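Per-entry structural report
Chain by chain, the residues:
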Amino acid sequence: MNKNIDDLKFGSSPEETLLEDFLLRSEPRQIDTTSLMGKAYAKIAMQKKRTRRRRTFLAAAVVLPLVFCAVWMALLWPLGGPKGDGRVQTAAHRAPMMLQAEVRPGDTMHLTLPDGTRVMANSRTRISWPEAFCGATRDVYIKGEAYFEVAHDGACPFVIHTGQFDVRVLGTKFCVDNYDEQAAKVVLVEGSVEVETRNNDRVRIRPNEKLRVCGGQFVSRESVSTADELCWLQGMIRLQGDELGRVAQRLEYYYGKKIVVDQRLQHQRLYGKLLIRNSVSTVLSNLCRIAGARVVADGHSVTLQGGEGA
């Protein structure tokens, strides 16, 4: 049976006295619970403060790199082209890879550009374009002759660059011929095009018109039959009073072979149709039948001379 220590009675003997003294010294002191609770709360508060600091540090370690990347992208990938049209540009200082095609002599080539524009390039034509149109304009470079059916994009003009002039369109059908920069031309089938020379001279032509350019200068603008001008798309040349010297020069561009015309035949006018999808020897043979001439081969060139009795 347990008893309260305060109810015990001790005698006067030395043993009882020692026992009483031992028990009194062994009684636990009064615990200060208020002090203990204060220390506990202080420790908890300190732990929470350390946790908050750790979380803040971890958040900064994640957020700061993201902020740095955002600033970097804002500087290197600005929104909007040079005129602020809202197009996303390629990373600064990195132009898209350029693609190039060159048509074999006596052949033609069909191309579809990244924007859906369709191109038919004539013999010995060289054309280059970017793998993706990502700037304020759709830029294409050409040397030779090609027919374009440009996909419409009102916010991004299509620009063809030649040696002496540029052709700017939004979406239309036309032909560019700059085999010879001294006798270049643009023929419009439909829509509208603007031609600008290196001297910043500009002219806009209408459908069924041909613009002649010589040495970077506008020479003439005239109404034409686009069917006649673009008959090379069907593999022929329509001769409607064309001079033999000019036809021979066109074939020279087409086949890349030097063709010399006798001075007496230079201005002879021709009529009919000349198929140009055959070999150069076959085409020249047919041309001579139309012109009443004969072909004389001489190494790297051929000469068209007057026939017997000419």
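Note that the coordinates shown come from a computational prediction; the quantities given were computed from them, not determined experimentally.

Here we look at unusual backbone geometry
Most peptide bonds take the trans form, and the phi angle of most residues other than glycine is negative. Its identity is not glycine, yet asparagine 200 carries a phi of approximately 70°, on the positive side. Looking at the secondary structure, you find asparagine 200 in the loop between β11 (193–197) and β12 (202–205). The exposed category is assigned to asparagine 200, whose relative accessible area is 57%. Unusually for a residue other than glycine, asparagine 208 sits at a positive phi of about 65°.

Structural notes on the sheet that holds strand β4 (residues 126–130)
As summarised here, the arrangement of the 7 strands in space is β1-β4-β5-β7-β8-β11-β12, forming an open sheet in which the pairing is mixed. This sheet does not close on itself; its edge strands, each paired only once, are β1 (98–102) and β12. Strand-to-strand, the axes of this sheet are offset by a mean angle of 20°, without reference to chain direction. Sheet topology note: the β11/β12 ladder contains 4 bridges and is antiparallel. Among the inter-strand pairings, glutamate 194 is bridged to a residue of β12, identified as arginine 204.

Brief notes about helix α5 (residues 280–291)
With 12 residues, α5 extends 16 Å from end C-alpha to end C-alpha; this agrees with the ideal 16 Å at 1.5 Å per step. If you check which residues of α5 are buried, you get Val283, Leu284, Asn286, Leu287, Cys288 and Ala291. The inward-facing, buried residues of α5 contact α4 (244–255), β16 (258–261), β17 (269–275), β18 (293–298) and β19 (301–306). Backbone geometry just downstream of α5 places glycine 292 in the positive-phi region, at approximately 70°.

Calculation notes
- Residues numbered from 1 in each chain as written.
- Predicted model: local features only at pLDDT ≥ 70, side-chain atom pairs only at ≥ 80, totals over all residues.
- Heavy atoms only, no water.
- Helix = DSSP H or I, 4+ residues; strand = E, 2+ residues; numbered from the N terminus.
- Buried < 20%, exposed > 50% of the residue type's maximum accessible area, 1.4 Å probe, protein only.
- Pairing = 2+ DSSP bridges.
- Axes fitted to C-alpha atoms, helices over the stretch in contact; angles between N-to-C directions.
- Expected span 1.5 Å × (residues − 1).
- Contact = heavy atoms within 4.5 Å.

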